[in-house]
Amino acid sequence: LLGKTLKPFIRVVILILLWSAVFRASGSETIGGLDKTFFYTYIIISMFLTSTRSWWDMYEDTQRFIIRGALTGVLSRPLSFYSVIMSRQVPYAVAEMLLLLPVFGGVIAGSALIGFQFFVPGIVHAFLFIVATLLSVVAALTFYYGVCLAMFWFGDIWSLYGIFDGIESIFSGAMMPVTIQSTFNTVSYFLPFRHFVFTPVFIYLEKFSVIESVGQIGLQIVWIVILWFIAGMIYRKGLQKFDSQGG
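From a predicted model like this one, the values you see are computed outputs, not experimental measurements.

Basis of the calculations
Residues numbered from 1 in each chain as written. Predicted model: local features only at pLDDT ≥ 70, side-chain atom pairs only at ≥ 80, totals over all residues. Heavy atoms only, no water. Helix = DSSP H or I, 4+ residues; strand = E, 2+ residues; numbered from the N terminus. Expected span 1.5 Å × (residues − 1). Buried < 20%, exposed > 50% of the residue type's maximum accessible area, 1.4 Å probe, protein only. Polar contact = N/O pair within 3.5 Å; in protein donor to acceptor, adjacent residues only side chain to side chain. Phe/Tyr/Trp six-rings, centres within 6.5 Å; stacked < 30°, edge-to-face > 60°. Lys NZ or Arg CZ within 6 Å of the ring centre and 35° of its normal. Salt bridge = Lys/Arg side-chain N within 4 Å of Asp/Glu carboxyl O.

Chemist: Got a sec to walk through helix α2 (residues 36-51)? Specific residues and values, please.
Modeler: Given a rise of 1.5 Å per residue, 16 residues ought to cover 22 Å, and the 22 Å separating the end C-alpha atoms of α2 matches this to within 8%. Most of α2 is tucked away: 13 of the 16 residues are buried. With a side-chain oxygen lying 3.2 Å from the backbone nitrogen of Thr37, the N-terminal cap of α2 falls on Asp35.

Structure, rendered in structure tokens:
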């Protein structure tokens, strides 16, 4: 438990030192449209969001149902497989956030002692950030749920899952703001990943107005519906294969 809570703290320190060096080397006051205060705050908040999400738990959970045969028991229930998985994963992700809040509170307090200014939003943006964060959890889990359904055909998809995890880390803004490069930013508009990390953090930073923030939250909901619909089609096809093999 200690290692799990210290890991994000260490990662934040390393990333801030790294980007401090980039700021000094570039001689620029901004990177990706963010000055140092906003950029470092972005790093801390994005690291908080990504540290509370263990998509590999989704992988192991889905694997237990599909590959190890526990899905047979789900089929006899009134709830859908998606509902069962989400009812297990969403509360876990929220609990992880609550667990790591004191750690990131310590990061912020420690940063203040060395003169770092941490941006704090107004109450409206703070509320919208919480809403966007919860929706980002549902969106990301729905996406990875869809990826995991490939187990119906390929069994262990650990490598494929890792590839998608890497792509998501880049285009979600988990590693750096997607605004850091114009082409990179443009491509992210057409992918759901942008709304996993970047959107909630930019709402927190008040880089979106209240109206724009509400619009971004609306896009998150649209992507959740799209991902849910695609996952549903994959599940129905996979279930046919599961049934044909005797479940």
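After that view of the structure, there is still more to cover.
Chemist: Lay out the packing of aromatic side chains in plain terms, naming residues and giving numbers.
Modeler: With the rule as written, the count across this model stands at 26 aromatic pairs. Aromatic pair Phe118 and Tyr204: ring centres 6.2 Å apart, planes at 55 degrees, arrangement tilted. Within this pair, whereas Phe118 is found in the loop between α5 (81-113) and α6 (123-148), its partner Tyr204 is found in helix α10 (residues 198-204), the two being separated by 86 residues in sequence. No difference in accessibility class separates Phe118 from Tyr204, as the two residues are buried. By way of ring pairs, the aromatic residues Tyr59, Phe143, Tyr144, Trp158, Tyr161, Phe164, Phe193 and Phe196 are connected into one cluster. Taking the ring centre of Tyr189 as reference, the NZ or CZ of Arg194 above it sits at 3.9 Å. Here Lys207 stacks its cationic end above the ring of Phe38, 4.0 Å away from the centre of that ring.

Chemist: Explain the pattern of salt bridges residue by residue, including any values.
Modeler: By the definition in use, this model includes one salt bridge. With a shortest N-O distance of 2.8 Å, Asp61 and Arg88 are connected by a salt bridge. Taken as a pair, Asp61 in helix α3 (residues 55-66) and Arg88 in helix α5 lie far apart in primary sequence, 27 residues in all.

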